[in-house]
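Notes for the structure review
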Amino acid sequence: MFKSTPFQLSRIYASGWTAGRKCATADVAEIDAVADRLNPYLPLTERERWSRGFKDAVSRVQGTPAKFRGRPIPAGE
């Protein structure tokens, strides 16, 4: 079984963060569903790391004033 290195896990977190910055949903329950649907990783460790990056970014975006946000992608895409 392949084990990800700390560097690879940091890149997986960053890719989740990037996806989360583009997410437009504000509903916490919907965030979990969107994260699960968009997560490209199969191994549990990588899925968890990507989801953490995604959710951290979404929570950060929700606390950012709208004029400083980029164009969000609707949750259904």
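What you see is a predicted model; the values in this text were computed from it and never measured.

Let us look at the overall build of the protein. If you tally the helices and strands in the protein, you get three helices and zero strands. Listed N to C, the secondary structure of the protein is α-α-α in terms of helices and strands. The buried share of the protein, reckoned over its 77 residues, is 27%. Counting only contacts in the protein whose residues sit at least 6 apart along the sequence, the fraction spanning at least 24 positions is 71%. On the protein, roughly 5,300 Å² of surface is accessible, and the fraction owed to carbon and sulfur atoms is 58%.

Let us now look at the environment of proline 43. Mapped onto the elements, proline 43 comes out in the loop between α2 (28-38) and α3 (44-62). Residues proline 43 and lysine 3, spaced 40 residues apart in sequence, show a C-alpha to C-alpha distance of 9.5 Å.

In the structure shown here, the tally under the stated rule is two aromatic pairs. A centroid spacing of 6.5 Å and a plane angle of 25 degrees characterise the contact between tyrosine 13 and tryptophan 17, whose relative ring orientation is stacked. Residue tyrosine 13 and its partner tryptophan 17 are located together in helix α1 (residues 6-21), separated by four residues, close to a single helical turn. Classification of tyrosine 13 by relative accessible area gives partly exposed; the value is 25%.

Here we take up the environment of arginine 21. Counting through the fold element by element, arginine 21 comes out in helix α1. Distance in space between the C-alpha atoms of arginine 21 and phenylalanine 54 is 7.5 Å, their sequence separation being 33 residues.

Its place among the elements puts asparagine 39 in the loop between α2 and α3. Side chain to side chain, asparagine 39 and serine 51 meet in a polar contact 3.2 Å long.

Segments scoring low in pLDDT should not have their predicted coordinates read at a detailed level. Residues with a pLDDT of 70 or more make up 73% of the protein, whose mean pLDDT is 81. Mean pLDDT across the secondary structure elements of the protein bottoms out at α2, with 86, and peaks at α1, with 95.

Calculation criteria
For every chain, the first residue of the written sequence is number 1, and numbering continues from 1 along that sequence. Thresholds applied to this predicted model are a pLDDT of at least 70 for local features of residues and 80 or more for the giving and counting of side-chain atom pairs; totals over whole chains, interfaces and linings are not thresholded and use all residues. Heavy atoms from the whole structure form the basis of all side-chain values; hydrogens and water molecules are not counted. Segments assigned H or I by DSSP are reported as helices when at least four residues long, segments assigned E as strands when at least two residues long, and all are numbered from the N terminus. Relative accessibility thresholds used throughout: buried, under 20% of the residue-type maximum; exposed, over 50%; partly exposed, between the two (1.4 Å probe, protein chains only). When checking whether two residues touch, look at their non-hydrogen atoms; a contact exists if any pair is within 4.5 Å. Residue burial considers only the protein chains on display, and all accessible areas are found by Shrake-Rupley using a 1.4 Å probe. Aromatic pairing here means that ring centres of Phe, Tyr or Trp (its six-membered ring) are within 6.5 Å. Orientation follows from the plane angle: under 30 degrees is stacked, over 60 is edge-to-face, and everything else is tilted. Residues adjacent in sequence count toward polar contacts only when both atoms are side-chain atoms; beyond that, a polar contact is any pair of N or O atoms within 3.5 Å, and within protein one must be able to donate a hydrogen and the other to accept it. The pLDDT value tells you how sure the predictor is about a given residue, anywhere from 0 up to 100.

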